[in-house]
Amino acid sequence: MTTSTELVASVEIAHEARTERVPSGAAAGPVLRVIPGDVVRVVALLGRDPQLARAMAFGALSGGASLVGLVGTHDGRSFVARAELLRDAHPDLIVALAPDRRDVDGIVELAEALRFGCADQHPLPHILVAADERVRDRIAASCPANTIEALPDVRTPAGREALVARLRAVRRRAQADVVLRDEALEAAARAMAVDAKAEVVVLDVTGGATSVIHARPDGLVVGIHERLGVGAAADRVVARAGLDRVRRWIPRAIEAPALLERVFNRARWPDAIPASVLALSLEMALAREAIAHALADAERAGVSLEGAWAAPLLVLTGKLAQLPRAAQSLLVVLDAFGPTGATLVSRAPGDTLVAAGALAARGRVVTMPAVDPIAIVAAMWPRRSAAVRVTDANGVVEERVARGSFLLVPTKGAVAIEMPGTTIRPSAGRLELGVVIDARGRPLALPPRDAERLPTLARWYAALDVLPAEAR
Amino acid sequence: MSWRYSRWSADHALPIGASERAAQGQEVHAGDVLAAGATYGTPVRVGGARRIGVAPDDLARVMRVPVGGGVERRTVIARTGRRFARAVSSPIAGRLIHQRADGDLYVAPVVGRWVVRSTLDGEVSRSDDGCVTVTGSAWALQGVAAYGPDAIGDIALAVDAPAAELHPSRIDVRLQGRILIAGARATAESITRAHACGVAAIVAGAAPAGGLRVVYGDEATASGANTGPDSPTVLCLIGFGSAPLPREVFMPLVALVGARAAVHTASARLFVFAPESAGDFARNAPSLALSDDWLGARPMDERLALAGVKRFASEIEAEAVSTADGPVPVANVLAFDAPRTPQT
């Protein structure tokens, strides 16, 4: 399954409160640890260029850091207000971006506010400065006790990479022999894209984080890692999305306060298992909103997602891949991610993909473990009724598809499909579910009122047989 | 252990503008003022070193008002020369709050005052403008989340049983300044009524999450909410919704009624200032089980038996423990003192 040339006996993957070992059992040799990493709180001091905020947001998302504050030279805040914001943010890292010479005085003013607000913080935040040497010197004069480091312009790929490397170093908290989970997943996505000679998207949802990684066959990887999840960060999802946006995905009438209770309890109960169908539905709802907000943040940060949505291979990991039914994982992805073309969706069982990715991230020769293909998704928005031909071991099935259709064609053996309007003929070996034709359109329209929303959801859930019978 | 007598330290973060604070090594009691200061309005930048013709590093030598000092309008802040004097004076009344690296100064008007009080009996182990830390011995109980400002008061029982809910009718002004023990659940109505009656804090097994949002706003999360001094204080010991207190937690609280105590919200701890010999409180931590639908938690029997791998209604198969109400996933059973935040 996973082979490595390195002297690593096993990989230990940390979850919320427990760890999993791959391969399982007692390790008789060196262990490589995969950790989610510490929360790194970053505040950006920004010059006047509006691109800086977006570039910084992109860098923070790629590095898995929490951007807790943006303070601009022209944001209209007073000196004291800026200092209070900085003190309350309690940053681990400050990134000062002043590429324009006209920003010098403003950025020094922000550095003074930083000293006024955070002079007694322990430990003092390091300051990364993306500006010329003179600006760096003036910031160093204003904040003599802080460690100042130079950073390339974060609007460039090299600058972003440098920022990401620095953020990850902080998240590791000087532990040398660890790999961050997002690093491991990026390495795994890169290896899979190279192997498949096709674009791959890896979607990972855990208790504390959500990652969307888009890898191209040429080795280019764009990763978005957000502190939104279905467990310890569940309350952050509600805080970001609002309770109603989470509640709308639950396929039964439920009062908002009772839902919030469940979210808060889950957030403070590491690795809790959803034993009831309602708790499972809540976990699925949280996963949808976590993915949706990670994507929305990426778009706001200027990341183009067209390539990711059109990627032919989609691999699910983490909690998303561990839902009891494959249809549950699939429905979450279709609702929240919404691939735009024909996509083969697979689930990576257990932690094997993360373990292989961790070894690959260390530069080891690794064969990626097999993933379980669950469905080919044919997403379309036909102007008029169109035919989709599905060929499998049983023969050919032709489905007429109209706008709003959402159906599953169960398949047996090798599968190929023909869709209208494209010459691409997606195919796969055995699929756990079959071919899913999704003509619901994007963005998904969910009626706001329960009387209309619940039947709509029930129809979608029934199409894929998502929940156990008692819940319907 | 749920209850533990130990040496604890409590950090008290200070807002900007501290003007006086307890010195390191100073003995303090819970409720004593650790630091006091002012809140500032919009400051005014005043030309400093350049204006009086000195290097920024030399400005301190000629300043007549130290940074942090109060000034009136036209107060001379710094001055050089004798016959042909050059001076910097304050354009407004307030406080000289900051000296920049280039020698300029900020003067801000004072628009309010604040004080920060100790939540521990002990000794000040750190004191600077960012934080005052007090270290001292006390009985303590770790909760999962706390909301509102720190609170100090005497413990009072407001329920008859650990599984009882705190009823608003049990709260009146006679409980002013007390820390109420609220049983399994403290609703938003009880919290607001207690606050109106001057109750210092409520300690309960759980509080409804929706109710907490009503009281503290949408910023309240499962980790707590840091609010201003004018809001009520709530400490949730087990979770949210409803959570009866285990006997091992409740009985010592009954025994400690009348004892001086404090709720430190940053660490979500209840400190009780009673002697170590006050009782045999330090027992093994009881187990807690999260309900299947995550709506609350309940204490469990001391002796738990594994039931093997079970399939639950959600179709998840997991190791389970047997209970009278059916199997519970092992992952949903935690010791009272188990860490509630994920590892990093």
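Residues numbered from 1 in each chain as written. Chains lettered and ligands numbered in written order. Predicted model: local features only at pLDDT ≥ 70, side-chain atom pairs only at ≥ 80, totals over all residues. Heavy atoms only, no water.

## A word on the overall build of chain A
On a plain count of helices and strands, chain A comes out with 14 helices and 21 strands. Taking 472 residues into account, the globule formula puts the C-alpha radius of gyration at 23 Å, and chain A, at 24 Å, falls close to it. Taking the principal axes of its C-alpha atoms as reference, chain A extends roughly 75 × 55 × 45 Å. Here chain A holds 472 residues, and the buried ones make up 59% of them. A separation threshold of at least 6 residues defines the contact pool for chain A, and within that pool the share at least 24 residues apart is 67%. Per element, the accessible surface of chain A, about 17900 Å² overall, is 52% carbon and sulfur. Side chains of chain A give 57 positive and 54 negative charges; the mean places of these two sets differ by 3 Å. (Helix = DSSP H or I, 4+ residues; strand = E, 2+ residues; numbered from the N terminus. Rg over C-alpha atoms; globule rule 2.2 N^0.38 Å. Buried < 20%, exposed > 50% of the residue type's maximum accessible area, 1.4 Å probe, protein only. Contact = heavy atoms within 4.5 Å. Areas by Shrake-Rupley, 256 points an atom, 1.4 Å probe, with all protein chains shown as cover. Lys, Arg positive; Asp, Glu negative; His and termini not counted. Charge placed at Lys NZ, Arg CZ, Asp CG, Glu CD.)

## Structural notes on the domain arrangement of chain B
Often, the extent of an interface is quoted as the loss of accessible area upon association of its parts. All names here are of chain B. Structurally, chain B comprises domain 1 (3-17 + 129-278), domain 2 (42-108) and domain 3 (288-334). With centres defined by C-alpha atoms, the gap from domain 1 to domain 3 works out at 28 Å. Each partner contributes to the interface: domain 1 provides 10 residues, whereas domain 3 provides seven residues. Summing both sides of the interface, domain 1 and domain 3 together bury roughly 480 Å²; the carbon and sulfur share of this comes to 62%. (Domains from an automatic or database assignment. Buried area = accessible area lost by both parts, 1.4 Å probe.)

## Details of the packing of aromatic side chains
On inspection of all chains with the given rule, the structure shows eight aromatic pairs over all chains. One aromatic cluster is present, formed by B:Trp3, B:Tyr5, B:Trp139 and B:Phe281 through successive ring pairs. Directly above the ring of B:Trp294 sits A:Arg266, whose terminal nitrogen or CZ lies 5.8 Å from the centroid. Stacked on the ring of A:Trp460, the Lys or Arg A:Arg440 has its end atom at 4.4 Å from the ring centre. (Phe/Tyr/Trp six-rings, centres within 6.5 Å; stacked < 30°, edge-to-face > 60°. Lys NZ or Arg CZ within 6 Å of the ring centre and 35° of its normal.)

## Observations regarding the pairing of strand β4 (residues 41-46) of chain A
All names here are of chain A. Across the six residues that make up β4, a large majority, five, are buried. Bridge analysis of β4 against strand β5 (residues 66-72) gives six bridges, and the strand direction is parallel. Each bridged residue has a counterpart across the sheet, and for Leu-45 the counterpart in β5 is Val-71. Remark: the β4/helix α1 (residues 50-63)/β5 crossover connection has right-handed handedness. (Pairing = 2+ DSSP bridges. Right-handed = clockwise from strand over helix to strand, strands pointing away.)

## So, the packing of helix α6 (residues 181-196) of chain A against helix α13 (residues 352-361) of chain A
All names here are of chain A. One can describe the packing of α6 onto α13 by two numbers: an axis separation of 7 Å at closest approach and a directional angle of 90 degrees. Between α6 and α13, the angle is such that the two are roughly perpendicular. Contact with α6, carried on its side by Arg-181, Glu-183, Ala-184, Leu-185, Ala-187, Ala-188 and Met-192, involves Leu-353, Val-354, Gly-357, Ala-358, Ala-360 and Ala-361 of α13 and no other residues of that element. (Axes fitted to C-alpha atoms, helices over the stretch in contact; angles between N-to-C directions. Parallel < 35°, antiparallel > 145°, perpendicular 65-115°, else oblique.)

## A closer look at the packing of helix α3 (residues 104-118) of chain A against helix α4 (residues 133-142) of chain A
All names here are of chain A. The N-to-C vectors of α3 and α4 enclose an angle of 25 degrees; their axes lie 9 Å apart at closest approach. Classed by the angle they form, the pair α3 and α4 counts as roughly parallel. Crossing of α3 over α4 shows right-handed handedness. Residue-level contacts link Val-104, Asp-105, Ile-107, Val-108, Ala-111, Glu-112 and Arg-115 of α3 to Val-135, Arg-138, Ile-139 and Ser-142 of α4. (Left-handed = near helix turned anticlockwise from the far one by under 90°.)

## Overview of the nonpolar core
A:Leu203, A:Leu330, A:Phe337, B:Trp3, B:Tyr147, B:Leu270 and B:Val272 are the most contacted members of the largest nonpolar core, which totals 143 residues. Tallying contributions element by element places helix α10 (residues 277-300) of chain A first for this core, with 14 residues. If you count residues domain by domain, this core takes at least three from each of domain 1 (3-17 + 129-278) and domain 3 (288-334) of chain B. Excluding its chain neighbours within four sequence positions, the residues that come into contact with B:Leu270 are B:Trp3, B:Trp139, B:Ala140, B:Leu141, B:Ile179, B:Val203, B:Leu235, B:Leu253, B:Ala261, B:Ala262 and B:Val263. (Core = buried A, V, L, I, M, F, W, Y, C linked by side-chain atoms within 4.5 Å.)

## Considering unusual backbone geometry
Residue A:Pro123 is reached from A:His122 by a cis peptide bond, and omega for that bond is -10 degrees. When you line up the elements, A:Pro123 lands in the loop between α3 and β7 (126-130). Note that the residue after A:Arg442, namely A:Pro443, is joined by a cis bond; omega there is -5 degrees. Here A:Pro443 lies in the loop between β21 (434-438) and α14 (450-464). The backbone of A:Asp271 shows a phi angle near 60 degrees, a positive value even though the residue is not glycine. Under the relative-accessibility criterion, A:Asp271 is labelled buried at 8%. Phi at B:Arg74 is positive, roughly 75 degrees, even though this residue is not glycine.

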